[in-house]
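Chains, contacts and geometry: an overview
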Amino acid sequence: MENDKELHDNDEELFDLDEETLFLVSQTFKALSDPTRIRILYLLSKKECSVSEIAKKLNLSQPNVSHQLRFLKNLRLVKYRREGTTLYYSTDDDHIMHMLYQTIEHSQHN
C-alpha cells in the first residue's frame with residue numbers, strides 16, 4: 001500500500017505535532033462526535049439555513065441550535081451571512097465535509 005509507505009516514511013513528522021494542532025484536531029473530532037452537530041452539518045451541506053429553519057427541520061430548540069452553531073463556528077466548520085436581522089448558516093470547511101461524507105458512506109457500507 002503506497003499510502004501506508006508514505007505514512008511510515010514520514011513517521012518523524014508524526015511526533016512533531018504542536019499543541020495547537022493537537023488541540024484543534026481533537027476539537028474537530030469532538031465536534032463530529034455529537035449526533036446533533038452531525039445532523040446540522042449534514043443539513044447545511046445540502047442548503048444554507050437560518051437557525052429557525054434548522055430547528056424546524058431537525059426538530060430541535062432554537063437555543064440548542066444556536067449553541068451547536070456557536071461551537072461549530074468557533075472551529076470554522078460553519079460560516080454565516082446576514083440578511084437583515086436573520087443569519088444564514090452554511091458549511092465552511094470542505095475537508096471536514098468530505099471526511100463526514102466518507103464516514104457516512106463507510107457506516108452505510110454492508
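Going by the annotation in an unreviewed UniProt entry, the name recorded for the protein is ArsR/SmtB family transcription factor, with Ureibacillus suwonensis given as the source organism.

Here the focus is the overall build of the protein. Scanning the protein from N- to C-terminus turns up seven helices and three strands. Counting every position in the protein, which comprises 110 residues, the buried fraction comes to 30%. In the protein, of all internal contacts separated by at least 6 residues, the share reaching a separation of at least 24 is 51%. Carbon and sulfur atoms provide 50% of the accessible area of the protein, an area that totals close to 8,200 Å².

Turning our eyes to something else, we now look at helix 6 (residues 62–74). Relative to the 18 Å expected for 13 residues at 1.5 Å per residue, helix 6 spans 18 Å between its end C-alpha atoms, a close match to the ideal helical length. All of the buried residues along helix 6 are V65, Q68, L69, F71 and L72. The buried residues of helix 6 occupy one face: seen down the axis, they fall within an arc of 160 degrees. Away from its buried face by more than 90 degrees, helix 6 exposes P63 and N74. Buried residues along helix 6 sit against helix 3 (19–32), helix 4 (35–46), helix 5 (51–58), strand 2 (78–83) and strand 3 (86–91).

All right, on to the pattern of salt bridges then. Pairing between side chains becomes possible if they bear opposite charge and their charged atoms approach one another. For the coordinates displayed, the defined rule picks out two salt bridges. The closest approach of N and O atoms between R81 and E48, which form a salt bridge, is 2.9 Å. On the criterion of sequence distance, the pair formed by R81 in strand 2 and E48 in the loop between helix 4 and strand 1 (49–50) is long-range, its members being 33 residues apart. Given a relative accessible area of 36%, R81 falls into the partly exposed group.

Below, the discussion takes up the packing of helix 4 against helix 7 (residues 94–108). Look at helix 4 against helix 7: their axes get within 11 Å of each other, and the N-to-C directions meet at 110 degrees. Between helix 4 and helix 7, the angle is such that the two are roughly perpendicular. In the crossing of helix 4 with helix 7, the sense of the turn from one axis to the other is left-handed. Here I38, L41, Y42, S45 and K46 of helix 4 come into contact with helix 7, specifically with M97, L100, Y101 and I104. Broken down by class, the residue content of the contact of helix 4 with helix 7 amounts to seven nonpolar, one polar and one charged.

So, how was this worked out
Residues numbered from 1 in each chain as written. Predicted model: local features only at pLDDT ≥ 70, side-chain atom pairs only at ≥ 80, totals over all residues. Heavy atoms only, no water. Helix = DSSP H or I, 4+ residues; strand = E, 2+ residues; numbered from the N terminus. Buried < 20%, exposed > 50% of the residue type's maximum accessible area, 1.4 Å probe, protein only. Contact = heavy atoms within 4.5 Å. Areas by Shrake-Rupley, 256 points an atom, 1.4 Å probe, with all protein chains shown as cover. Expected span 1.5 Å × (residues − 1). Arc of directions from axis to C-beta. Salt bridge = Lys/Arg side-chain N within 4 Å of Asp/Glu carboxyl O. Axes fitted to C-alpha atoms, helices over the stretch in contact; angles between N-to-C directions. Parallel < 35°, antiparallel > 145°, perpendicular 65-115°, else oblique. Left-handed = near helix turned anticlockwise from the far one by under 90°. Nonpolar A, V, L, I, M, F, W, Y, C, P; charged D, E, K, R; others polar.

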